[in-house]
Structures are given as C-alpha cells and as structure tokens.
Amino acid sequence: MNNLPTKKEIANGLAIAAVLASKIESGNSFGGGTGRDIQIYKNEYQKVMQRLNN
C-alpha cells in the first residue's frame, strides 16, 4: 500500500505554505488580500506541479 502523498497533495500543501509565509512576512496574518493570496497560491501550485512532473 502506497502511503506517499500524491503530486496534487504536495503542490497544495506547498502552495498553502507559500500563502501563509507571505502573510507572515508582510505582517498581515489575518484578513485582507484574498485576491493576492489566490494569485500566490496559483503561482506556487503551478510551479510545484511543473517540477514534480519533470
């Protein structure tokens, strides 16, 4: 049985981490910036998926 995370799970986790890291760095941990969060998430998700598929 394979208990390793799927490529989508890996990309999702790293993309969420990128959003949270961005919020912490900017000091804006709560509220605001949803559009920017989504953009960071999408960019990171695509980057990770691209690397995993190579």
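Scroll up for the structure.
So, a few notes on the structure that sits alongside this text. What you see is a predicted model; the values in this text were computed from it and never measured.

## Here's the deal with the overall build of the protein chain
Line of reasoning, step 1. A count of helical and extended segments in the protein chain gives two helices and zero strands.
Line of reasoning, step 2. Principal-axis analysis of the C-alpha atoms places the extent of the protein chain at approximately 40 × 20 × 15 Å.
Line of reasoning, step 3. A total of 54 residues make up the protein chain; the buried ones form 15% of that total.

## With respect to helix α2 (residues 34–52)
Line of reasoning, step 1. In this model α2 runs 27 Å from its N-terminal to its C-terminal C-alpha over 19 residues, within 8% of the 27 Å that 1.5 Å per residue would give.
Line of reasoning, step 2. Within α2, burial applies to Asp37, Val48 and Met49. Buried residues of α2, seen end-on, are gathered within an arc of 95° and therefore sit on one face of the element. Along α2, the residues that are exposed and aim more than 90 degrees away from the buried face are Gly35, Arg36, Gln46, Gln50 and Arg51.
Line of reasoning, step 3. Looking at the buried side of α2, the elements it contacts are α1 (7–26).

## Examining the pattern of salt bridges
If charged atoms from side chains of opposite charge come close, those side chains can pair.
Line of reasoning, step 1. As enumerated under the stated definition, the model contains two salt bridges in all.
Line of reasoning, step 2. Between Lys23 and Asp37 there is a salt bridge; the shortest N-O distance is 3.1 Å. One end of the pair, Lys23, is in helix α1; the other, Asp37, is in helix α2, and 14 residues separate them in sequence. An identical accessibility class is assigned to Lys23 and Asp37; each is buried.
Line of reasoning, step 3. A salt bridge links Glu44 to Lys47, with the shortest nitrogen-to-oxygen separation between them at 3.3 Å. Of this pair, Glu44 and Lys47 both sit in helix α2, three residues apart, which is roughly one turn of the helix.
Line of reasoning, step 4. Overall, Glu44 belongs to the partly exposed group, its relative accessible area being 21%.
Line of reasoning, step 5. Since its relative accessible area comes to 48%, Lys47 is described here as partly exposed.

Rules used in this analysis
Residues numbered from 1 in each chain as written. Predicted model: local features only at pLDDT ≥ 70, side-chain atom pairs only at ≥ 80, totals over all residues. Heavy atoms only, no water. Helix = DSSP H or I, 4+ residues; strand = E, 2+ residues; numbered from the N terminus. Buried < 20%, exposed > 50% of the residue type's maximum accessible area, 1.4 Å probe, protein only. Expected span 1.5 Å × (residues − 1). Arc of directions from axis to C-beta. Contact = heavy atoms within 4.5 Å. Salt bridge = Lys/Arg side-chain N within 4 Å of Asp/Glu carboxyl O.

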